[in-house]
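These are the residues of each chain, in order.
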Amino acid sequence: MSTPNPVSPTAPTIEGAPARQVFLQRLFLKDASLEMPNAPRILTIEAQPAIDVQVGTGIDMLASGVFQVTLQVTVTAKINDDVAFLVEVHQAGIFQMSNFADNAELQHVLAAYCPGVILPFAREAIANLISRTGYPPVMLQPINFDALYAQHLAQHGQPQGSDIAQPAPETVQ
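Residues numbered from 1 in each chain as written. Predicted model: local features only at pLDDT ≥ 70, side-chain atom pairs only at ≥ 80, totals over all residues. Heavy atoms only, no water.

Caption draft 1: View of the overall build of the chain. Counting its secondary structure elements, the chain contains 2 helices and 6 strands. Of the regular secondary structure in the chain, the N- to C-terminal order runs β-β-β-β-β-β-α-α. Counting across all 173 residues of the chain, residues that qualify as buried make up 36%. Across the chain, contacts joining residues at least 24 apart in sequence account for 68% of those joining residues at least 6 apart. A total of about 10,200 Å² of accessible surface is found on the chain, and carbon and sulfur atoms cover 52% of it. (Helix = DSSP H or I, 4+ residues; strand = E, 2+ residues; numbered from the N terminus. Buried < 20%, exposed > 50% of the residue type's maximum accessible area, 1.4 Å probe, protein only. Contact = heavy atoms within 4.5 Å. Areas by Shrake-Rupley, 256 points an atom, 1.4 Å probe, with all protein chains shown as cover.)

Caption draft 2: Quick peek at the pairing of strand S4 (residues 50-63). Two elements, S4 and strand S5 (residues 66-79), share 13 bridges in a ladder whose sense is antiparallel. Its bridge partner lying in S5, valine 55 is registered against valine 73. Count of turn residues in the S4/S5 antiparallel hairpin: 2 residues, of which glycine 65 carries a positive phi of about 80°. (Pairing = 2+ DSSP bridges.)

Caption draft 3: Region of the structure containing a nonpolar patch on the surface. A contiguous nonpolar surface patch, about 200 Å² in accessible area, is contributed by Ile51, Val53 and Val55. Mapped onto the fold, valine 55 is located in strand S4. (Patch = residues over 30% accessible without salt bridge, like charges linked within 9 Å, V, L, I, M, F, W, Y side chains within 5 Å. Salt bridge = Lys/Arg side-chain N within 4 Å of Asp/Glu carboxyl O.)

Caption draft 4: The packing of aromatic side chains, seen in detail. One pass over the full model with this rule turns up 1 aromatic pair. The interplanar angle of 45° and the centroid separation of 5.6 Å between the aromatic rings of phenylalanine 85 and tyrosine 135 together place this pair among those described as tilted. Pair noted here: phenylalanine 85 is in strand S6 (residues 82-98) and tyrosine 135 is in the loop between helix H1 (103-131) and helix H2 (145-156), with a separation of 50 residues, a long-range link. By relative accessible area, tyrosine 135 is classed as buried at 12%. (Phe/Tyr/Trp six-rings, centres within 6.5 Å; stacked < 30°, edge-to-face > 60°.)

Caption draft 5: The arrangement of H1 in detail. The terminal C-alpha atoms of H1, which comprises 29 residues, lie 41 Å apart, in line with the 42 Å expected from a rise of 1.5 Å per residue. When the local axis directions of H1 are compared, the greatest deviation, roughly 35°, occurs at leucine 119, which is followed within four positions by the proline proline 120. Near the N-terminus of H1, the side chain that reaches the backbone nitrogen of alanine 104, with its oxygen 3.0 Å away, is that of aspartate 102. (Expected span 1.5 Å × (residues − 1). Bend = angle between axes of the 7 residues up to and from the residue. Polar contact = N/O pair within 3.5 Å; in protein donor to acceptor, adjacent residues only side chain to side chain.)

Caption draft 6: Quick peek at the environment of leucine 27. Counting through the fold element by element, leucine 27 comes out in strand S3 (residues 21-35). Relative accessible area serves as the criterion here: at 28%, leucine 27 is assigned to the partly exposed category. The spatial distance from the C-alpha of leucine 27 to the C-alpha of isoleucine 94 is 6.5 Å, given a sequence separation of 67 residues. Setting aside residues no more than four positions away along its own chain, leucine 27 makes contact with Gln91, Ala92, Gly93, Ile118 and Phe121.

Caption draft 7: Examining the nonpolar core more closely. Counting 36 residues, the largest nonpolar core has Phe85, Met97, Leu110 and Ile126 as the members making the most contacts within it. Elements with a minimum of two residues in this core: S4, S5, S6, H1 and H2. Per element, the largest residue contribution to this core is 13 residues, and it comes from H1. Once residues within four sequence positions are removed from consideration, phenylalanine 85 is found in contact with Leu34, Glu35, Met36, Ile51, Val75, Thr76, Ala77, Ile130, Thr133, Tyr135 and Val138. (Core = buried A, V, L, I, M, F, W, Y, C linked by side-chain atoms within 4.5 Å.)

Caption draft 8: Region of the structure containing the environment of proline 18. With respect to the helices and strands, the residue proline 18 is situated in strand S2 (residues 17-18). Assessed through its relative accessible area of 45%, proline 18 is described here as partly exposed. Put simply, proline 18 and phenylalanine 100 are 82 residues apart on the chain and 9.3 Å apart in space, counted from C-alpha to C-alpha.

Have a look at this one:
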């Protein structure tokens, strides 16, 4: 892995304290799949498929202040009850965070800002895979991750900042 960007000694400050910073270290396609379980029969049906899009996020702490944020996007197209195609993409980024004294603010950045950075790359991967199915492209609409995060907090009754991910266990070989 590349060396994290250190906070420079001349980093901007807010009221004398170092300003909060977010560095994107890496962006990568962690997993991608395309399934067409009813091909080629489904391709002979002249009907527009019904499209269902599901989105999820995951946060893993890799080291102190370094997080992997994963955006999972699943697009399912059905004609009647038959699956025309199913595309799933796990697009991820490694982010270095510094100078976040408030865990609630850090959690908000990880759950809302970082997936917003990743989304355009997941959208491209989804479009690329769907173009290989023979069906017209599906354009994923912009997603308001701030609203989704607020909804998540309201549904689960969690105080902000209580679910910061813990470091992933290291494996020894």
